[in-house]
Amino acid sequence: MTRTIMHIDVNSAFLSWTAVHMLQHGSSIDLRNIPSIIGGNQATRHGIVLAKSIPAKGFKIQTGEPVFQAKQKCPNLVVMPPDYFLYMQCSSALSEILQNYSDKIQLFSIDECFLDYTGIEKILGEPIKVANQIREQIRKELGFTVNIGISTNKLLAKMAGDLKKPDMTHTIYPEEISAKMWPLPVEDLYMVGRATAPKLKGMGIHTIGDLANTDIELLKYKFKSWGLMLHAYANGIDESPVHPGSGHTVIKGIGNSTTVYFDVIDKQTAYKVLLSLVETVSMRLRFSGFCCSVVAVSLKTDELISSSHQKKLMTPIDCTNAVFKEVKSLFDEMWRGQPIRQMGIRVSDLYTKDYIQLSFFEENWDKQRRLDKTIDEIRIKYGSNAVIRSSFLWSGLSPLEGGVVDEFPVMSSIL
DNA sequence: TCTGGGGTCCTAGGACCC
DNA sequence: TCTGGGGTCCTAGGACCC
């Protein structure tokens, strides 16, 4: 059966949302009309560009580049800090509007979703007309603009939505692929990133059309399964369904990482940072109702060299102290004394709790679990800083690092 | 104070088993 | 005595997305 899929994407999401918020609070300038960015704090070494206005784009400023570099490109650049709470509110407001048009909506990220419009034509009308209606409703009621892409699958809808911005509706139906998608540079294809694009170009593949018409066996030989996926995408082939709800499927792992505002050079400080990460990750793990059987630690040195170590456990765990114990031993195993810029921890291989209950007596974690439960409850009731470890007092470090709520799981490589 | 933070998936190599 | 070969699990690293 032929499907009708829409992809809805907020134009310069973080920047637009901050701009609208400022206008609503009496600002006379609209960030969207001047060279501006949403940028992290340079003083705490979080200074990268998170979103840019269209005028800023004119200065060749790119998302992900250092803020200082963006300022060099445009000395009058206006830099605003991110406000994730506002962004979550805006995102929720958006999805509330979309609920009126279909009950099959997949929140793909905080500012993107897919909407399955299949069969709804008969009730609400022709897709392009309705997409324009949706855009208008969002603009009127929420004050920001979106692009909407329409096609017969998610990949083509997403590619369509990326065509020309802002505030536009586009289609790339299968019969339009050769005219609308194939002339685009190959790096515009979803899943062709910084590493793949140069390799393709080295093979003489410069456009999506070139890729679509490259011998599949050659792509398979060079890129393995990745090559098959790229070939399918270049030809507009994608059968993945719109998964209702947030993200894609069930959660596979939970992680937190942080760039410390100074280089960590001693073990005691490193342990404190790791503990603050473990506190939030293990709390999220408990809230999710899972135990993990893989714990991983990752480090990035002052020279930006990354490494990671992980460990598979015989017994799945969810206690703060149990996770921390593994994290410390992984850290000890890998750290050779280099100054550390960034630290991260991640738990995966998740199992539901009832399945592993018995084995807990092994390590006598039972008492720990009751303690965790009590602390979790106090933090929910009185705020996350109601209970903190005394070791964080006067340390200059945050006792809980990273977000507790994972509202918006990100997409996987398989749409 | 120049380069964030949250994810998923794939691959290669080694260990180990039959 | 010449070293095969399939399968699984684990780990580290790399690719991609927003």
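Values in this document were obtained by computation on a predicted structure and should not be read as measured data.

K.L.:
What's the story with helix α15 (residues 366-382) in this structure? I'm lost.
P.N.:
Along an α-helix, residues three or four positions apart point the same way, because every turn accommodates 3.6 residues. End to end, α15 covers 25 Å across 17 residues, agreeing with the expected 24 Å (1.5 Å per residue, within 8%). Residues Gln368, Arg369, Asp372, Asp376 and Arg379 constitute the buried set of α15. Looking straight down α15, one finds its buried side chains confined to an arc of 95°; they lie on one side. In α15, the exposed positions that point more than 90 degrees away from the buried face belong to Lys367, Arg370, Lys373, Lys381 and Tyr382. Tucked into the core, α15 has its buried residues touching α13 (267-288), β11 (290-301) and α14 (320-334).

K.L.:
Help me understand the domain arrangement of chain A in this model?
P.N.:
How big an interface is tends to be expressed through the accessible area that disappears when the partners come together. Here chain A is described as being made up of domain 1 (1-173), domain 2 (182-234) and domain 3 (253-392). Computed from C-alpha coordinates alone, the two centres of domain 1 and domain 2 are separated by 27 Å. Contact with domain 1, which involves 5 residues of that partner, is made by 6 residues of domain 2. When domain 1 packs against domain 2, close to 440 Å² is buried across both sides, 87% of that on carbon and sulfur atoms. On the domain 1 side of the contact with domain 2, Leu155, Lys158 and Met159 bury the most area, a combined 80% of that side's loss. One can count 0 salt bridges joining domain 1 with domain 2. One can count 0 residue pairs in polar contact (both at pLDDT 80 or more) joining domain 1 with domain 2. At 3 residues, helix α7 (residues 154-161) tops the list of elements feeding residues into the side of domain 1 that touches domain 2. Among the residues forming the side of domain 1 that touches domain 2, the class breakdown is 4 nonpolar, no polar and 1 charged.

K.L.:
Please clarify how the pattern of salt bridges should be interpreted in this entry.
P.N.:
Pairing between side chains of opposite charge can happen when their charged atoms approach one another. Taken as a whole and judged by the stated rule, the model has 20 salt bridges. For glutamate 176, the salt bridge goes to lysine 180, with nearest N and O atoms at 3.0 Å. On the basis of relative accessibility, which here comes to 32%, the residue lysine 180 falls in the partly exposed class. Among the salt bridges present, the one from glutamate 187 reaches lysine 201, with a minimum N-O distance of 3.0 Å. Placement of glutamate 187 in the loop between α8 (177-181) and α9 (196-202) and of lysine 201 in helix α9 is noted, with a sequence separation of 14 residues between them.

K.L.:
It is not clear to me how the side chain of aspartate 372 should be interpreted in this structure. Could you clarify?
P.N.:
With respect to the element layout, aspartate 372 can be found in helix α15. Residue classification places aspartate 372 among the buried residues on the basis of a relative accessible area of 4%. Each residue touching aspartate 372, except ones within four places of it in the same chain, is listed here: Arg286, Asp318, Cys319 and Thr320.

K.L.:
Just checking my understanding: could you explain the protein's contact with DNA strand B for this structure?
P.N.:
Within the structure, DNA strand B sits among 30 residues, and Ser257, Thr259, Arg284, Leu304 and Arg341 are positioned closest to it. Near the protein, meaning within 4 Å, the atoms of DNA strand B are sugar or phosphate in a fraction of 68%, with bases accounting for the rest. One nitrogen or oxygen atom from the side chain of lysine 224 is found 2.6 Å from a phosphate oxygen belonging to DNA strand B. Residue assignment for the surface near DNA strand B shows that the elements contributing at least two residues are β10 (253-264) and β13 (340-352). With 8 residues, the top contributor of residues to the surface near DNA strand B is β10. Across the surface near DNA strand B, the residue classes tally to 9 nonpolar, 14 polar and 7 charged.

K.L.:
Can you walk me through helix α12 (residues 225-234) in this structure?
P.N.:
Within the sequence span of α12, burial applies to Gly227, Met229, Leu230, His231, Tyr233 and Ala234. For α12, the elements touching its buried residues are α7, α8, α9, α10 (208-212) and α11 (216-223). Glycine 236 sits one or two residues past α12 and shows a positive phi near 75°.

Calculation rules
Residues numbered from 1 in each chain as written. Chains lettered and ligands numbered in written order. Predicted model: local features only at pLDDT ≥ 70, side-chain atom pairs only at ≥ 80, totals over all residues. Heavy atoms only, no water. Helix = DSSP H or I, 4+ residues; strand = E, 2+ residues; numbered from the N terminus. Expected span 1.5 Å × (residues − 1). Buried < 20%, exposed > 50% of the residue type's maximum accessible area, 1.4 Å probe, protein only. Arc of directions from axis to C-beta. Contact = heavy atoms within 4.5 Å. Domains from an automatic or database assignment. Buried area = accessible area lost by both parts, 1.4 Å probe. Salt bridge = Lys/Arg side-chain N within 4 Å of Asp/Glu carboxyl O. Polar contact = N/O pair within 3.5 Å; in protein donor to acceptor, adjacent residues only side chain to side chain. Nonpolar A, V, L, I, M, F, W, Y, C, P; charged D, E, K, R; others polar. Near = heavy atom within 4 Å.

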